[in-house]
Amino acid sequence: MVDADAEGISESAARAARDLRVVFSRLRRRLREAYDTRDLTPSQTSVLSRLGKEGPASASDLAAAERVRPQSMAATLAVLDQRGLVQRRPDPGDGRRQLISLSEAGREFFDDRRRVSEEWLTRALHDHFTEAERQTVIEAMALLDRLTHP
């Protein structure tokens, strides 16, 4: 935990950081609960999401992005391959490497997961917040988005 005074950081910044981490963790869990993962592990689901959002990648690039050992990524990809959720093809820039991408079934899984999550979140925001509160969320998200830009 950050000692706000010792670091020259405001107490409100320290509290906001703690609260954001907790709320985003809970929200991430709730979103995961909203869709069927077909008994995939969080690591396997994360790789599918990365491929769905960022496109094809090599196994070593995926391992680096997911911060896991290449052997762990190979095991993750083997399961996804076995389930028909990914496909491999030679890298046009380097014939020694293979690029992994979503298969048609993987694309359907990714798109369905995104749709179900968005539907759940939309319904939850509609049911639990007033219009003014939803506008506050929109404004807060614009502020938080600034954290993602260098």
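Chains are numbered independently. Their residues run from 1 in the order of the written sequence. This being a predicted model, a pLDDT of at least 70 is required before a residue's local features are given, and a value of 80 or more before pairs of side-chain atoms are given or counted; all residues contribute to the totals for chains, interfaces and linings. Hydrogens and water are ignored here; the side-chain numbers use all heavy atoms of the structure.

Caption draft 1: Seen up close, the overall build of the protein chain. To qualify as a helix, a DSSP run of H or I must reach at least 4 residues; to qualify as a strand, a run of E must reach at least 2; elements of each kind are numbered from the N terminus. Per the secondary structure count, the protein chain includes 7 helices and 2 strands. In sequence order, the secondary structure elements of the protein chain are arranged as α-α-α-α-α-β-β-α-α. Over its C-alpha trace the protein chain gives a radius of gyration of 19 Å, far above what one expects of a compact globule, namely 15 Å for 150 residues. Overall, the C-alpha framework of the protein chain stretches about 50 × 40 × 25 Å when taken along its three principal axes. Within the protein chain, the fraction of its 150 residues that count as buried is 23%. Note on contacts: a residue pair qualifies if any of its non-hydrogen atoms lie within 4.5 Å across the two residues. For the protein chain, the proportion of contacts with a sequence separation of at least 24, taken over those separated by at least 6, is 51%. With residues, only the protein chains shown are counted as cover, and all accessible areas are computed by Shrake-Rupley using a 1.4 Å probe. Of the roughly 10,700 Å² that the protein chain leaves accessible, carbon and sulfur atoms contribute 52%. Charge convention: Lys and Arg are scored as positive, Asp and Glu as negative, and His as well as the terminal groups of each chain are ignored. The atom standing in for a charge is NZ when the residue is Lys, CZ when it is Arg, CG when it is Asp and CD when it is Glu. Where the 25 positive side-chain charges of the protein chain centre and where its 25 negative ones centre are 4 Å apart. Note on method: radius of gyration uses C-alpha positions; expected globular size equals 2.2 Å times residues raised to 0.38. A 1.4 Å probe rolled over the protein chains alone gives each residue an accessible area, and that area as a share of the maximum for its type sets the label: buried under 20%, exposed over 50%, partly exposed in between.

Caption draft 2: Up close: the pairing of strand S1 (residues 86-91). The rule for pairing is simple: two strands pair if DSSP sees at least two bridges between them. Bridging between S1 and strand S2 (residues 94-102) involves 6 bridges; their strand directions are antiparallel. What sits directly across from Arg88, in S2, is Ile100. Counting the residues between successive antiparallel strands, the hairpin from S1 to S2 contains 2 residues.

Caption draft 3: Main features of helix H5 (residues 70-82). Residue count minus one, scaled by 1.5 Å, sets the expected span of a helix. Its 13 residues place the ends of H5 18 Å apart at the C-alpha level, agreeing with the 18 Å of an ideal helix rising 1.5 Å per residue. Against the buried residues of H5 lie helix H3 (42-54), helix H4 (59-66), S1 and S2. Trailing H5 by a residue or two, Gly84 shows a phi angle of about 75°, which is positive.

Caption draft 4: Molecular detail of a nonpolar patch on the surface. Exposure above 30% relative accessible area and no salt bridge define the residues that can form patches, which grow by joining like charges within 9 Å and nonpolar side chains of Val, Leu, Ile, Met, Phe, Trp and Tyr within 5 Å. We define a salt bridge as a contact between a side-chain nitrogen of Lys or Arg and a carboxyl oxygen of Asp or Glu at a distance within 4 Å. Among the surface-exposed residues, Val23, Phe24, Phe129, Val137 and Met141 lie close enough to one another that they form a single nonpolar patch of about 400 Å² accessible area. Elements that contribute at least two residues to the nonpolar patch include exactly helix H2 (11-33) and helix H7 (131-145). Mapped onto the secondary structure, Met141 falls in helix H7. For Met141, a relative accessible area of 41% puts it in the partly exposed group.

Caption draft 5: Spatial organisation of unusual backbone geometry. Notably, Arg67 is not glycine yet its phi reads approximately 60°, a positive angle. Position of Arg67 among the secondary structure elements: in the loop between H4 and H5.

Caption draft 6: Inspection of the environment of Ala57 at higher detail. You can see Ala57 is positioned in the loop between H3 and H4. Look at Ala57 and you get buried, because its relative accessible area is 14%. Along the chain, Ala57 and Gln98 lie 41 residues apart, while their C-alpha atoms are 8.2 Å from each other. Beyond its immediate sequence surroundings of up to four residues, Ala57 is in contact with Leu51, Leu62, Gln98, Leu99 and Ile100.

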